[in-house]
Each structure stands twice: as structure tokens, then as C-alpha cells.
Number of protein chains: 2
Amino acid sequence: MYNPLLLPEVREMLDSGDDAGLIEFCTALHPGVVAEVIEGLSNDDIWNVLSHCDVNSRVQIFTFFDLPKQEDLVTTTDRKRVSALLEEMAPDDRVDLLERLDPKHVDLLLPLIAQAERSDIRKLLSYPENSAGSIMTTEYASLPQEITVEESLRRLRRIAPDRETIYYVYVLDDQRHLHGFVSLRQLILAKPDAIVADIMDHDVISVNVNDDQEDVASMLGRYDLLAIPVVDDQNCLVGIITHDDVIDVIQEEATEDAHRAGAVEPLEDSYLSTPILTITWKRGIWLLFLFTVAQGISVVVDSYKEISEHVEWMGTFIALVIATGGNAGSQSAALVIRTLALGEAGPSDWLRIAAREATMGLMFAAVLSTLGFFPAWGLQGWDAAIIVSATVAIMVMWGSMIGAMLPIVFKKIGMDPALISNPLVAAIVDFTGILVYYEFAQFWLTPVVETLPH
Amino acid sequence: MYNPLLLPEVREMLDSGDDAGLIEFCTALHPGVVAEVIEGLSNDDIWNVLSHCDVNSRVQIFTFFDLPKQEDLVTTTDRKRVSALLEEMAPDDRVDLLERLDPKHVDLLLPLIAQAERSDIRKLLSYPENSAGSIMTTEYASLPQEITVEESLRRLRRIAPDRETIYYVYVLDDQRHLHGFVSLRQLILAKPDAIVADIMDHDVISVNVNDDQEDVASMLGRYDLLAIPVVDDQNCLVGIITHDDVIDVIQEEATEDAHRAGAVEPLEDSYLSTPILTITWKRGIWLLFLFTVAQGISVVVDSYKEISEHVEWMGTFIALVIATGGNAGSQSAALVIRTLALGEAGPSDWLRIAAREATMGLMFAAVLSTLGFFPAWGLQGWDAAIIVSATVAIMVMWGSMIGAMLPIVFKKIGMDPALISNPLVAAIVDFTGILVYYEFAQFWLTPVVETLPH
């Protein structure tokens, strides 16, 4: 990634015991860069490098490893070293790591961690996955209402080293109720003897600790905030979620949706670091389901034996009539799922969306059924041309409609619209398409079939 | 979105000419909230509300409208009002808007704008779309190296009102070469008489003005930065890109990829605000292409007339053999495209990825060809069972491999891997699948066909 040339240098410093060089390496570079460089070392060597920096840098570098790597590192060293690290980690990063570990391992670690951190961990672990509570940090900066700006800056200076950010400061009363918000920029620009309550914003945009992380992310993004405060049902501040965590959430949700669009149960880690059996399983269940639908199509086709026996070209156009509807359906699903994910539209817009899809479906039907008519006519004559172009027309409209409406129905009943994967829509449309094709053929060809010898 | 109940109140204030109420409304709420509330008003009423706040709030509220709305607002009012607004807008937001306007309209506006802003606009407009230059702002905070912390804070106070952020400050020499970086947190914690050059970080993570916006976004996200400096080829600072713009880029790129995955040319605006003919076109070209592939499949099937005439059940399993390979291909494509987009893997990992896909393909082939065997046997006997299960096995492996390798090839030759949409992979696999199916059938059944009467 950053500078692969540094790794050999680090190896050499390790081999020659160049402590001064390693200390310099750990502190001069951005901790994220250090993590990238030393990721290629053995776990023992990584711990060795980390032992050369102060605890603050060590924690920062460690946090830049991805979670599978963090897990690997803490499960292959002694518990005292791990507990010392955990004590200093940011509360949100710490909980992300602990959630991955074997509960038995966590039970061995917790007694080694100081009481204050331990109860913070227990509390954060109690929030449901994907909730605001599960991604927030408890290390926020706060101030009382009635102090001066000068006093505020003095206090911020004191608490700065332990806080995730001091650029956004929340104004609380003794019961930690959230009354206002002031940015460090406002404090710096204000007169030193001004009172915080007089310069703060009273209209604080906040989220509830039980809100979904996706909604939190879209709210922070919508209002261009650096951090968003998290409150409980009594409007007491319990944590904050910062912009960098929101970027992670957005990437995570986009990955989930991209996987779902390809009919894969979302992977939690990266493709390359997920065990192959896990991926096989997460693809397999969907592949199996879609295979079963396809088997159903075979059974349907088989049940129209009578037509197939007399009309040999029916098989010729099966792929054409089903694929086209499925493709139109995939398109609608992709558009509507993304619009719902971005919050640009909701279930209440269903009629507008249906009207748009109907209009587009009609246009596609007109063009594609015309284009489908002539080759079918050329290959197999009039009957084929009429049946193929009628089926294409119907399936394109039906595909567009069902691809757009199913995600809205899912959203409405509280399920993730992204569950409507493109292949799932295609399978549904394929299945109905084959019925339409054969039913229409049966209707159109009945006089033909009846006059043919059995 | 935020509070739909406020809109009637605003209407009433407008009707009764309650200026004090409108001023209060514009300043007490977050500008993003104000924008959401008044979006439902007519353009005239929106301008009326905006005229009640100072120019700073006006610009902020205006910037929170989405771009189609901004365009609509500036093209339906007089030019003087628009130029006054443009002068005060953040450089990056201003250019985003101007890029959407009719060039003739821009030519009329530019002469009304002050010289300094005009040349800033011209410069930013010159950067290619999707480059770092096209999304950066030129309103960054910078300091010389040799001043004290105390003097730095004094200067920051002075420039703060015009800067996008003062939390990250860049340390430059007289030629604007980027020498270091210091955060406001560091400045606040440092001794007042310390020299900036002594406390700054020397290892500044920066991007080039021509870098792709997606790479910029992933870099800011990877290192948890609040802003990233943009330099030219001489390492001179030309702008910064802040976390909120990066969130927009990430959402935009995820939308692009989601649209592509559904075989839609990416829409630039939201689904509901894009004209229906534009969407029809962006879907139509792909639908037409895929339709042509499907037509090709019909021609292929038709060319195997001889088999179809003798073996009536060939049509029965067409959907099954092609869909399964296509689904496996969609899955691989979805996984690999996303992994490439996140930078978790690159073209150099192709062998590892190929090995994983081959392993998974084998497992899927084993399970699905077994599951496909028995129904085919039950419906049509031994020959069908053998041909169907062999084709399914081959196609699942082929689909997995091609779905994974095509995005890597595209990435390698500098094209967007996301161009490999799920339906495109499915179409390619469908086409090859039909060939495999009929060729294998021809091979297996030749003795049968030859003994049958013509």
C-alpha cells in the first residue's frame, strides 16, 4: 500500500537490535502507515516492534490493523500484554475486537482490566449489533453551561489527550442531559469571558442509542458533521460517533448491499481473509435456492410436453424470453434498492416509482418486442414471431414492475430491501416468464396443435 | 426528513410577513435542517426566506439543497442575486453547481463575480472530472514554519471565518511547498512559545491533484483523517478535501457500482429527480445489448435443430443449465468487484483469487450436479440426467472463474471493474453454457441420434 520498501528496513533493524531506529520508525510515521508496513511481519516481530513505542502510539498502530489481524495478534501472545493494550484502546475499537474473540478468552482477559474500563466494556457490549450504541465511543468532550470560554479552553486542554475529538464539545447539566453543542472553532473565536450557554447551539442534531447505524451514518453525512452525539431515552449523552467510524459504516453497508446484489450472504471480513468454507456456505445457500427455482422451471417446461412435441422451436427462444424480463427486473431492483438505501425515497413514494417503471417498461416493451419479432420470424416464421414478441413485451413490463416493487414491500415490512438480489429478481421473473411463454403459446397455437397428429 | 411540521409554520410566517420569526428560523436551526424544511416551498418563497438571513447562513442553507434543486433555484432568479451568492459559496460547492449550468448562463454570471473568485472558479473548473482537483476546496488554513504557537493561534483566529476547517493546518514555505502538518489539538496542547516547525508532523499524507477521487476517499478513510491535503507535481499545496466531501464521494461511487451491478449506466442524480427519458436511455442501451446476446443464444439453439428434433427434452433444461452458471458468475463478480473497489486486493492477487474460485466452483459443481441429476433422471431418464448434471458442473466452475477473472482483467487494463455487471456476466455465461449443453448432448447422444429415423 503505502511504502513496501520500508519493510526490509524494519526487518534489518529488528535483526540488528537497532532500538533507536525502531523508536524513530514508530513515531515519525502516521500510525496507519506503520501498521501497513509491519503487517507483513510475524506476530512475534510485530509485538517486538510495538514494544518500542509508548503505549499511546502502540494502541494507535494496533488499531489500524484490520480486525482479523488484531484477533490473530491478541490470541497469540500473553494475556497481560493484551489487557494492558485493551485498557488504553478507544472504547469503540476495544469492543469491536472483544466481540470477535471467543467468550472464554474474553472471560480470562476481563479480570486483568481496570474496573472503570471493564464496566465501560460491559455496557458497550450490551448494545445490539448495528445499533448506534454498538459503534459509539464514550470518550467525548463535554462542558457545563455556566462557565466562561477561557475556563472551557483550559478544561479542554486538560482532557484532550483522552478524548476521541475535542473539536465538537457537548454542553451538559449535572445529570448529563444534552443541552447544547459548541465547536472548538466557536470557542476560539469567542471572547474569553463569554459564557458557554450564550454561544452554544441549542438545536443539537443527535441520535438515539438504539438507532440503526445506517441511519446514523446517513444523518452525519447529510448534515456534514464531524461527530454526532448519541443520547438515551432521557436525552442523556452516552457517547459520540465520529466521521471516521461513519465512513467505515458506509463502506460496510455498501459492501453488504453489493454482496446481496450478487446473491451472496454478506461477508463480515474481506474476501481474501474470509475462510473459503465460510464463503462457500454464504454463496451456497443462495445458489441452492436459485437452483431449486431453476429446477422448478424445468418441471414447468416438462409439463408443457404436449406443445413441445408439436412445436419444436419452443426451446429455441426460452433463454431469450426469460433473460430479457430478468434483466429489466435486475435494473429496476438495483435502482430502487439504492434509492431506498440513500434515503432518497421511501415506501410512501411507491406510486411515483410504479408510474415511472410502468412508463419505462412500456417503452422497453415496444422496442424489444419489435426487435425480437423479426429474428424469430426469420428463424421460425409467424407463430414464433408473435409468441416471442408478445412474451418479451409482457415480461419486460412485469420484470420492471416486480423488480421495483419487491424492495419497497420489503422496506415497508421492515426487512432489508437489499435482500431482493438481482439474481433473485431474475429467478422470480424467469419462473413467471416461462409460464407466460407456454401459456401464450398454448393459447395461440391451440388450433395448430389440435390439427397435428398425436 | 427532519421535522415536516415546521413547513406550515414557515408558510404562515411568510404569509403574515413575520420577519422576526423568519430570521429566528434561519439562524436557530442547523442550515441542513432549514434547507430540508423549505425545500417544499416555491422557488420565490425559498428566496424570500433566504433573504431573511445574513449572507453566511444563506450560503450555508443553499449549499444543503441537492444539486438539481440548486440549479433550479439559480436559473429562476435574477443574476445579481445569484452572483452575490456564488461569491460567498465554498469554492468546491460553487464549482459543482457551475459545472451543471448551461455554459451560456455561466458566461453571463462570471462577469458579475469578483476577480479573485473568478480566477479560482476557472482554475477549479479546469481539473478533470473525478480528480482530486475537481472536489477539493481552496479555502484551507496554512501557517509558516518559524512562528510560535501563540502567534499561530492568533492567525488562525483571524482566518477562521473563511476557512473550511481550522482543525487541520498545513505548514508551508513561501512557495507554498508542503512541509508539515499540525492539528489544532496539537497547537492547543503545545506551549505558547513553542515553534510550529518543532511540533508539526513531517510525514504528511497527501494526494496529487490528478489522483482519482475514489483513491483519495479510500486514503482519507484508511488513515481516519479529517481532511487530506492536495498537492501539485511540485509538492505545492493547492487545496484540501474534507471528510464530508469524502463521504459524498464514497456514496456516489457505491451508487455507481450498485447501478452497474444491475446493468444500468450510473445515474448522476437521484432516481426520482432524473428525467424518465434519461433513465430509459441508461437502462436501454444495456438492455438492448443483453437482448442481442439472448438473440444470439436463440440462433445457437436453432442451429442445433437436428438434436432438438430427436431429443424433445433438450428445451426442458435450458433455463436450468444456463441460470446456474450465471448465478455462480454473478456471485463471483459481486465479491471480486467489491474487493477491488475497497482496495483489499489488486490484479496481482489474481492467482490467489483464481485458486479460491476454482475450489469453490468444484464444491458447488459436486453438490449441484448431484442435485440436478435425480430430477432430470426422474423427468427424462439417464441421458438427460448425465447431460444436465455434466453441464451444470462445467458451467458452475466456468461461471465462478469468469465472474472473478473478468473484473481483474478490466482493472488491469485500466477500466472500471464494475463494468462487469451481474447481468453481463450472466449473459456471457448463458451464451457459453448453451454451447456446452448442446455440444455435450451431441457428443453423448450421437449414437442415439444416428439410429433414429430422420
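In this report, the structure presented in the accompanying data block is examined. Note that the coordinates shown come from a computational prediction; the quantities given were computed from them, not determined experimentally. (Residues numbered from 1 in each chain as written. Chains lettered and ligands numbered in written order. Predicted model: local features only at pLDDT ≥ 70, side-chain atom pairs only at ≥ 80, totals over all residues. Heavy atoms only, no water.)

A short note on the packing of helix α16 (residues 243-261) of chain A against helix α19 (residues 318-341) of chain B
- Orientation of α16 of chain A relative to α19 of chain B, taken along the N-to-C sense of each, is 160°, at an axis distance of 9 Å. Taken together, the axis directions place α16 of chain A and α19 of chain B in an arrangement best described as roughly antiparallel. The handedness of the crossing between α16 of chain A and α19 of chain B is right-handed. From α16 of chain A, Q251, A254, T255, A258 and H259 of chain A reach across to α19 of chain B, where they touch A334, L335 and R338 of chain B.
- Across the contact of α16 of chain A with α19 of chain B, the residue classes break down as four nonpolar, three polar and one charged. (Axes fitted to C-alpha atoms, helices over the stretch in contact; angles between N-to-C directions. Helix = DSSP H or I, 4+ residues; strand = E, 2+ residues; numbered from the N terminus. Parallel < 35°, antiparallel > 145°, perpendicular 65-115°, else oblique. Left-handed = near helix turned anticlockwise from the far one by under 90°. Contact = heavy atoms within 4.5 Å. Nonpolar A, V, L, I, M, F, W, Y, C, P; charged D, E, K, R; others polar.)

Section: the sheet that holds strand β1 (residues 141-143) of chain A
Residue and element names in this part refer to chain A.
- In space, the three strands of this open sheet follow the order β1-β2-β3, with mixed pairing throughout. Each having just a single partner strand, β1 and β3 (178-183) make up the two edges of the open sheet. Averaged over all neighbouring strand pairs, the angle between strand axes comes to 35°, with direction disregarded.
- Alignment of β1 against strand β2 (residues 168-172), held across three bridges, turns out to be parallel. Within the sheet, the bridge partner assigned to L143 lies in β2 and is V171. (Pairing = 2+ DSSP bridges.)

Focus on the interface of chain B and chain A
- On the side of chain A, 115 residues touch chain B, which itself brings 114 residues to the contact.
- Around 10,500 Å² of area is buried between chain B and chain A when both sides are counted, 65% of it from carbon and sulfur atoms.
- Looking only at chain B, the three residues that lose the most surface to chain A are R185, Y271 and L272 of chain B, adding up to 8% of its buried area.
- Connecting chain B to chain A are four salt bridges.
- Of the charged contacts in the structure, one is a salt bridge between R222 of chain A and E36 of chain B, with a shortest N-O distance of 3.4 Å.
- It is helix α17 (residues 276-303) of chain B that contributes the most residues to the side of chain B that touches chain A, 18 residues altogether.
- A per-class count over the side of chain B that touches chain A returns 64 nonpolar, 30 polar and 20 charged. (Buried area = accessible area lost by both parts, 1.4 Å probe. Salt bridge = Lys/Arg side-chain N within 4 Å of Asp/Glu carboxyl O.)

Describing the relation of the copies chain B and chain A
- Overlay of chain B on chain A (RMSD 0.1 Å): rotation 180°, translation along the axis 0.0 Å. Read as a symmetry element, the transformation amounts to a two-fold axis. Residues of chain B ranked by C-alpha distance from the rotation axis are headed by G315 of chain B, positioned 2.1 Å from it. (Least-squares fit on C-alpha atoms with pLDDT ≥ 70 in both.)

Observations concerning the nonpolar core
- In this structure, I38 and L184 of chain A together with I38 and L184 of chain B are the most contacted members of the largest nonpolar core, which totals 185 residues.
- Beyond its immediate chain neighbours, meaning those up to four positions away, L184 of chain B contacts Y167, L184 and I188 of chain A together with L153, L156, I166 and Y167 of chain B.
- A294, A328 and Y438 of chain A together with I434 of chain B belong to the second-largest nonpolar core, a separate cluster that totals 96 residues. (Core = buried A, V, L, I, M, F, W, Y, C linked by side-chain atoms within 4.5 Å. Buried < 20%, exposed > 50% of the residue type's maximum accessible area, 1.4 Å probe, protein only.)

Take it as geometry only, folks, not as evidence of what the structure does.
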